[in-house]
Amino acid sequence: MNISVTPNFQINNKYKFPNQNQNKNNTTLPRYSNTLSKDTVSFTSTAKISDFVAQGVSNKMDRLQRIAITYLDVLESVATKLSADGVSFDRAYCELHPIKSPESYTSKVIRSGSFKVPDVIRATLYLKNPYDLSILNDKILPEMQKRGYILANTDIKHEELLKRGYLTPPGGNLATAKVYSIPDLDVRLEDMFNDENLSKLSPQLRYSIGKPQKSGYEDIQMRFVREFDKKKTPILHELIILFGPNYSNAKQIESEKVYGFLRLFDELNMKFSDKTLGSHSQKANRYISLIQQMFRGKVSEKLFLNAKNKDLYEISDEIPIIFSETDQKMFESYFSGLKDRLASCYKEKQAGMQASNTAKKQLQKELREDRSLLKKIQDNLQETINFFNYKNGLNETKS
């Protein structure tokens, strides 16, 4: 469903989580007042949508506050009961951001093109050995169900099941449907897709083993709904299971220093949709991919590996994260090439459109915005390089 008009968000009060920094934790959530036939939309002006989503405030924030507190209470009780199984809970950490911030919410809507944001309420558990799926299946999920929280359902495409390694989709018949409804559980751990691990999961959960992220990040991700919530769209409660506090800290650093900047590429006005080999669009995509690979390989993967070694294997030795002079030159070269290709893509787009002053002005505006965004990404990633090099004694001053 394409929307080219300004959504009518209703304004109400701001949510303030107790015992938080008042300047940082005012949280707003938009509520779209019209019914959408689909939860995906195509934005004709991301700037306008962003403005309205950012200022939109849900009239249910007080209720969300109570629900979030109850959710943390439940998780704390589960962790206490299962402490002998290696389950632990950091209440102070989870209270920092129990409800998605307005900035993150807005970014999620813009990047996904959907008003469905499944992690409005979220929390984290630590599990010493998440590779033992029997703890999840036989203990954590049953304890949550005892307290009225059951796994929500989610839709997964047939091709995504194939990517995970499942040749036979739910129901047993190959490719009988394009989309399947399965429990909202994703075991994103390394080398888990095998008969031994599948056998540790209940039959309804045996399509839930996925793969780690491209960054090397591993976790178990799930979303609960309250069993008594009979609404058509009940509130989703996200739960992330990590190895431990070191991994959680690595996740935070990686988000702030790498992921938060790399995902800004998705917010460019120019989408580089031409995949023809040798085209300006294809080369621009390649430069973006090279930048992503550089920071995932030199930063993200090492951060997560070091943290996993500490939490799971109790190995304190760390792989250093360093950018050499050659890395710095390649970084600058990639962005230079990307900027050139961006300009060429806009020239091609202008040449192929009607000579309308309004259209040309809009195109020029989008080019300025994209150049500004690329500069922001490059500057922030440069600070990331300086941060880690300083940490390893390669820079005299910290940027």
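## Notes on the pairing of strand β11 (residues 219–226)
Burial analysis of β11 places eight of its eight residues in the buried class, the great majority of the element. Burial along β11 is two-sided: the face carrying Asp 219, Gln 221, Arg 223 and Val 225 and the face carrying Ile 220, Met 222, Phe 224 and Arg 226 are both buried. Bridge analysis of strand β7 (residues 149–151) against β11 gives three bridges, and the strand direction is antiparallel. Bridge assignment links Tyr 149 to a residue of β11, and that residue is Arg 226. Bridge count between strand β10 (residues 185–188) and β11: four bridges; the pairing is antiparallel. If you follow Val 187 over to β11, its bridge partner there is Ile 220. One ladder, built from five bridges, connects β11 with strand β12 (residues 237–242); its direction is antiparallel. In the strand pairing of β12, Phe 224 is matched with His 237.

## Overview of the packing of helix α8 (residues 245–262) against helix α9 (residues 280–311)
Look at α8 against α9: their axes get within 8 Å of each other, and the N-to-C directions meet at 170 degrees. The pairing of α8 with α9 is recorded here as roughly antiparallel in orientation. Every residue of α9 that contacts α8 at Pro 245, Asn 246, Tyr 247, Ala 250, Lys 251, Ile 253, Glu 254, Val 258 and Leu 262 is listed here: Ile 291, Gln 292, Phe 295, Val 299, Ser 300, Leu 303, Phe 304, Ala 307, Lys 308, Lys 310 and Asp 311. Within the contact of α8 with α9, the residues separate by chemical class into 12 nonpolar, three polar and five charged.

## Describing the confidence of the model for the protein
Of all residues in the protein, 78% attain a pLDDT of 70 or more, and the chain-wide mean is 85. Taken as a whole, residues 1–37 scores under 50 in pLDDT and shows 93 contacts with residues more than four places along the chain or in a different chain.

## Quick notes on helix α10 (residues 325–351)
When the terminal C-alpha atoms of α10 are compared, their 39 Å separation across 27 residues agrees well with the 39 Å that a helix rising 1.5 Å per residue should span. Taken residue by residue, α10 has Asp 327, Gln 328, Phe 331, Tyr 334, Phe 335, Gly 337, Leu 338, Leu 342, Ala 343, Ser 344, Cys 345 and Tyr 346 as its buried positions. The inward-facing, buried residues of α10 contact α9 and α11 (357–391).

## Topic: the environment of Cys 345
Relative to the elements of secondary structure, Cys 345 occurs in helix α10. Non-local contacts of Cys 345, meaning those with residues more than four positions away in its chain, are made with Met 270, Phe 272, His 280 and Ser 281.

## Observations regarding the side chain of Ser 208
Mapped onto the secondary structure, Ser 208 falls in the loop between α7 (195–199) and β11. For Ser 208, the side chain forms a polar contact with the main-chain oxygen of Leu 205, separated by 3.0 Å. In this view, Ser 208 contacts Arg 164, Tyr 166, Pro 183, Leu 185, Asp 186 and Val 187; residues no more than four positions away in its chain are not counted.

## Considerations on the side chain of Arg 188
If you trace the backbone, Arg 188 turns up in strand β10. Leave out the neighbours within four places in its chain, and Arg 188 touches Gly 210, Lys 211, Pro 212, Gln 213, Tyr 217, Glu 218, Asp 219, Ile 220 and Gln 221.

## A closer look at the packing of aromatic side chains
Per the stated rule, a full pass over the model turns up 13 aromatic pairs. Between Phe 295 and Phe 323 the ring centres are 5.4 Å apart and the planes differ by 40 degrees, which places this aromatic pair in the tilted class. Taken together, the positions of Phe 295 in helix α9 and Phe 323 in the loop between α9 and α10 put the pair 28 residues apart, joining distant regions of the chain. Per residue, the accessibility class of Phe 295 equals that of Phe 323, and both read buried. Feature note: the residues Tyr 131, Tyr 217, Phe 243, Tyr 247 and Phe 304 constitute an aromatic cluster, connected by ring pairs. Cation over ring: Lys 257 sits above Phe 387, and NZ or CZ is 4.2 Å from the ring centre. Over the ring of Phe 323 we find Lys 298, and its NZ or CZ is 5.9 Å from the ring centre.

What counts and what doesn't
Residues numbered from 1 in each chain as written. Predicted model: local features only at pLDDT ≥ 70, side-chain atom pairs only at ≥ 80, totals over all residues. Heavy atoms only, no water. Buried < 20%, exposed > 50% of the residue type's maximum accessible area, 1.4 Å probe, protein only. Helix = DSSP H or I, 4+ residues; strand = E, 2+ residues; numbered from the N terminus. Pairing = 2+ DSSP bridges. Axes fitted to C-alpha atoms, helices over the stretch in contact; angles between N-to-C directions. Parallel < 35°, antiparallel > 145°, perpendicular 65-115°, else oblique. Contact = heavy atoms within 4.5 Å. Nonpolar A, V, L, I, M, F, W, Y, C, P; charged D, E, K, R; others polar. pLDDT = per-residue confidence, 0-100. Expected span 1.5 Å × (residues − 1). Polar contact = N/O pair within 3.5 Å; in protein donor to acceptor, adjacent residues only side chain to side chain. Phe/Tyr/Trp six-rings, centres within 6.5 Å; stacked < 30°, edge-to-face > 60°. Lys NZ or Arg CZ within 6 Å of the ring centre and 35° of its normal.

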